[in-house]
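So the chains spell out like this:
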Amino acid sequence: PTVADKVPDYTSGDTIIAIIEVSSATSDGSRKIQFLTSDKTDNSVSIAYTDSNTYTEALSISASAGDTTIENKVSDKDIIFKVNDGGSAREILRLDADDNEVRIVSTIDGAGMGPQLTLFRDTADADDNDLIGVISFKGEDSGNAETEYVRMVAQILDESNGTEDSQFFIRLMKAGSLVYPLKMTPTQTIFNAANEDIDVRIDGSADNLFYADSATDTVGIGTTPVANAKLTVQGVLALDEVSAPTNQSAYGQLYANAD
């Protein structure tokens, strides 16, 4: 019981599985042993490590009603996935328990070798208007109902080899329904694609460099729009001559006098 790699304690129903090193370079009593415990009573598999001669469960794999649960049993410890790249182990994915996040990691040197997330629709022959992938952001509402608040969608428009087209759009929850504030096609970038009451605003060093009011169908530059004017400009409006002058000082300017 004082040996660091002692057989872990077990209870009725457990089956002890040991992976034992077999090598001519090691002798009896010094061979490495990895212990796994299969709990036949709870239908689970346990993976553990020794900590100060104590068997400490680190991970369990269990099944219940057809669902399979992989659970990290040690508080604030991560689950790390590694791949072998050219003979060396390299982390590629981490489930971070402390920050409650999924982290995709890239340690490869070289330009353009940052972490990459790919959604691949692997079908022999996709059809026009098929979805390529959807990213959904969900949460519970005040009634504890699962609610999709944001959806990002990529879609095939033309799947023909050599003339492929696609579109991408973002949907947001507004007043209980998903609306389209942004849509990108091969020929256009459309704000408020479904003609909802959603304004478009671009800020410069101050607010309202450009402001399109959907409710009144008016546009303001430098200010919010005026409901009875299609275009409202706060400041000087410079006009270029038809003859295309060589410098801006030759531009005409249009002013409005309050009197």
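Scroll up to find the structure this text is about.
Residues numbered from 1 in each chain as written. Predicted model: local features only at pLDDT ≥ 70, side-chain atom pairs only at ≥ 80, totals over all residues. Heavy atoms only, no water.

Enquirer: Tell me about the overall build of the protein, and name the residues and values.
Expert: Scanning the protein from N- to C-terminus turns up zero helices and 19 strands. Taking as baseline every contact in the protein between residues at least 6 positions apart, the subset at least 24 positions apart corresponds to 13%. Of the roughly 18900 Å² of accessible surface on the protein, a fraction of 51% belongs to carbon and sulfur atoms. (Helix = DSSP H or I, 4+ residues; strand = E, 2+ residues; numbered from the N terminus. Contact = heavy atoms within 4.5 Å. Areas by Shrake-Rupley, 256 points an atom, 1.4 Å probe, with all protein chains shown as cover.)

Enquirer: Explain a negative patch on the surface residue by residue, including any values.
Expert: Side chains of Asp-125, Asp-127, Asp-128, Glu-159, Glu-164 and Asp-165 sit close together on the surface and give a patch of like negative charge. The topology assignment puts Glu-164 in the loop between β10 (146–158) and β11 (165–174). (Patch = residues over 30% accessible without salt bridge, like charges linked within 9 Å, V, L, I, M, F, W, Y side chains within 5 Å. Salt bridge = Lys/Arg side-chain N within 4 Å of Asp/Glu carboxyl O. Lys, Arg positive; Asp, Glu negative; His and termini not counted. Charge placed at Lys NZ, Arg CZ, Asp CG, Glu CD.)

Enquirer: Got a sec to walk through the sheet that holds strand β7 (residues 88–96)? Specific residues and values, please.
Expert: What links the strands of a sheet is backbone hydrogen bonding, and the strands pair in either a parallel or an antiparallel sense. Reading across from one edge, β6-β7-β8 is the order of the three strands in this open sheet, with antiparallel pairing throughout. With partners counted over all chains shown, the strands left at the sheet margins are β6 (79–85) and β8 (101–104), one partner each. Across the sheet, the mean angle separating the axes of adjacent strands is 25° when strand polarity is ignored. Two elements, β7 and β8, share four bridges in a ladder whose sense is antiparallel. When the bridges of β8 are listed, Asp-96 appears paired with Glu-101. (Pairing = 2+ DSSP bridges. Axes fitted to C-alpha atoms, helices over the stretch in contact; angles between N-to-C directions.)

Enquirer: Describe a nonpolar patch on the surface, naming the residues involved and giving the relevant values.
Expert: The grouping of Ile-221, Leu-231, Val-233, Leu-237, Leu-239 and Leu-254 at the surface amounts to a nonpolar patch, some 480 Å² of accessible area in total. Secondary structure elements with two or more residues in the nonpolar patch: β17 (231–233) and β18 (237–239). Position of Leu-254 relative to the elements: it lies in strand β19 (residues 252–254).

Enquirer: Give a detailed account of the environment of Asp-141, specifying residues and quantitative values.
Expert: As for its placement among the helices and strands, Asp-141 is situated in the loop between β9 (131–140) and β10. Assessed through its relative accessible area of 31%, Asp-141 is described here as partly exposed. Residues within four places of Asp-141 in sequence aside, it is in contact with Thr-147 and Tyr-149. Here Ala-145 takes part through its backbone nitrogen, which lies 2.9 Å from a polar atom of the side chain of Asp-141. Polar contacts involving the side chain of Asp-141 include one to the side chain of Thr-147, which spans 3.5 Å. (Buried < 20%, exposed > 50% of the residue type's maximum accessible area, 1.4 Å probe, protein only. Polar contact = N/O pair within 3.5 Å; in protein donor to acceptor, adjacent residues only side chain to side chain.)

Enquirer: Residues and numbers for the pairing of strand β12 (residues 177–184), please.
Expert: In summary, the side chains of a regular strand alternate between the two faces of the sheet. Bridge count for β11 against β12 is six bridges, and the pairing is antiparallel. Bridge pairing in β12 places Met-173 opposite Leu-178. In this structure, the hairpin formed by β11 and β12 is closed by a connection of two residues, where Ala-175 is found at a positive phi of approximately 55°. Across three bridges, β12 lies against strand β13 (residues 189–191) in antiparallel orientation. Bridge pairing in β13 links Leu-182 to Phe-191. Between β12 and β13, which pair antiparallel one after the other, the connecting turn spans four residues.

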